[in-house]
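# Geometric and topological summary
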Amino acid sequence: MQDLKNKVAYITGGSKGIGFGVAEQLLKAGMKVAISGRNLESVQKAAKELGTADNVLAIASDVAKHVDEELAVKDILEKWGQLDVVLANAGVGHFAPVDELSENDWHQMINTNLNGVFHTLKATVEALKRSKGYYITLASLAGTNFFASGAGYNATKFGV
């Protein structure tokens, strides 16, 4: 197994759920972890639960906005000088039949679940090339296991 001590990870959507759980495990393995989310207050609260300012960085970033991801990477590199692992985990789901799903909800899912993965990769790829690091996307069974009122969400998870 690879030694992860002092390696740096960035987890989008890391303030709760799967992202938070992965952050906990990476910290236990000796990594430094940056977590992001759209709401800085909730990301800061999660960061305090995870560790100290020495090993956890809270970042406000909306993956639907490429500039947010560029700034997130800048913050990580300024703090730790490297980036070794990226987990594109951020996601959003709105569940309704297609005839009831709003265009706004559709676009929010597309911009987060699809475009967000691209924005995170685009912003992190050069740092990952330098470290010979890893880019991981978190997909969903919803991409191939469709369910009632999930057509929009299922579509955004099909290609990820």
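Before any of the text, the structure's been laid out above.
Our subject in this report is the structure included herewith. These figures come from a predicted structure and were not determined experimentally. (Residues numbered from 1 in each chain as written. Predicted model: local features only at pLDDT ≥ 70, side-chain atom pairs only at ≥ 80, totals over all residues. Heavy atoms only, no water.)

## Examining the overall build of the chain
Secondary structure assignment for the chain yields 5 helices and 5 strands. Reading the chain from its N end, one meets helices and strands in the order β-α-β-α-β-α-β-α-β-α. Radius of gyration (C-alpha) of the chain: 16 Å, near the 15 Å computed for a compact globule of 160 residues. Overall, the chain is about 50 × 30 × 30 Å in size when its C-alpha atoms are taken along their principal axes. Burial analysis of the chain (160 residues in total) assigns 41% to the buried set. (Helix = DSSP H or I, 4+ residues; strand = E, 2+ residues; numbered from the N terminus. Rg over C-alpha atoms; globule rule 2.2 N^0.38 Å. Buried < 20%, exposed > 50% of the residue type's maximum accessible area, 1.4 Å probe, protein only.)

## Some thoughts on the sheet that holds strand β5 (residues 134-137)
With respect to topology, 5 strands assemble into an open sheet ordered β3-β2-β1-β4-β5, the strand pairing being parallel. Two strands bound the open sheet, and with one partner strand each, they are β3 (56-60) and β5. Each neighbouring strand pair of the sheet contributes to a mean axis angle of 15 degrees, computed without reference to strand direction. Pairing of strand β1 (residues 8-12) with strand β4 (residues 85-88) involves 3 bridges; the strand directions are parallel. Bridging from a neighbouring strand, A9 pairs with V85 of β4. (Pairing = 2+ DSSP bridges. Axes fitted to C-alpha atoms, helices over the stretch in contact; angles between N-to-C directions.)

## Some words on the packing of helix α3 (residues 66-80) against helix α4 (residues 103-131)
For the pair α3 and α4, the least separation of the axes is 7 Å and the interaxial angle reads 30 degrees. Compared by their axis directions, α3 and α4 come out roughly parallel. The interaxial crossing formed by α3 with α4 has right-handed handedness. Counted together, H66, E69, E70, V73 and L77 of α3 and H119, T120, K122, A123, T124, A127 and R130 of α4 form the full contact between these two elements. Here the residues of the contact of α3 with α4 are counted per class, giving 4 nonpolar, 4 polar and 4 charged. (Parallel < 35°, antiparallel > 145°, perpendicular 65-115°, else oblique. Left-handed = near helix turned anticlockwise from the far one by under 90°. Contact = heavy atoms within 4.5 Å. Nonpolar A, V, L, I, M, F, W, Y, C, P; charged D, E, K, R; others polar.)

## Here we look at the environment of L87
Looking at the element boundaries, L87 is found in strand β4. Using a relative accessible area of 9% as the deciding quantity, one classes L87 as buried. When the C-alpha atoms of L87 and L121 are compared, they prove to be 9.5 Å apart, with 34 residues separating the residues in sequence. Not counting chain neighbours up to four residues away, the residues in contact with L87 comprise Y10, I11, T12, V22, I136 and L138.

## Remarks on the pairing of β1
Extensive coverage of β1 is indicated by the burial of 5 of its 5 residues. On β1, burial covers both faces: V8, Y10 and T12 on one face and A9 and I11 on the other are all buried. Alignment of β1 against strand β2 (residues 32-37), held across 5 bridges, turns out to be parallel. Opposite Y10, over in β2, you have A34 as the bridge partner.

## Some words on the layout of surface pockets
Its boundaries defined by the atoms lining it, the largest pocket holds a volume of some 480 Å³. Among the secondary structure elements, those contributing two or more residues to the lining of the largest pocket are α1 (17-28), β2, α2 (40-50) and α5 (151-158). With 3 residues, the single largest contributor to the lining of the largest pocket is α1. Broken down by class, the residue content of the lining of the largest pocket amounts to 8 nonpolar, 13 polar and 4 charged. (1 Å grid on protein atoms, 1.4 Å probe; cavity = no way out; pocket = protein on both sides within 12 Å on 5 of 7 lines; lining within 4 Å. Points joined across faces, edges and corners; volume = space filled by probe spheres on them.)

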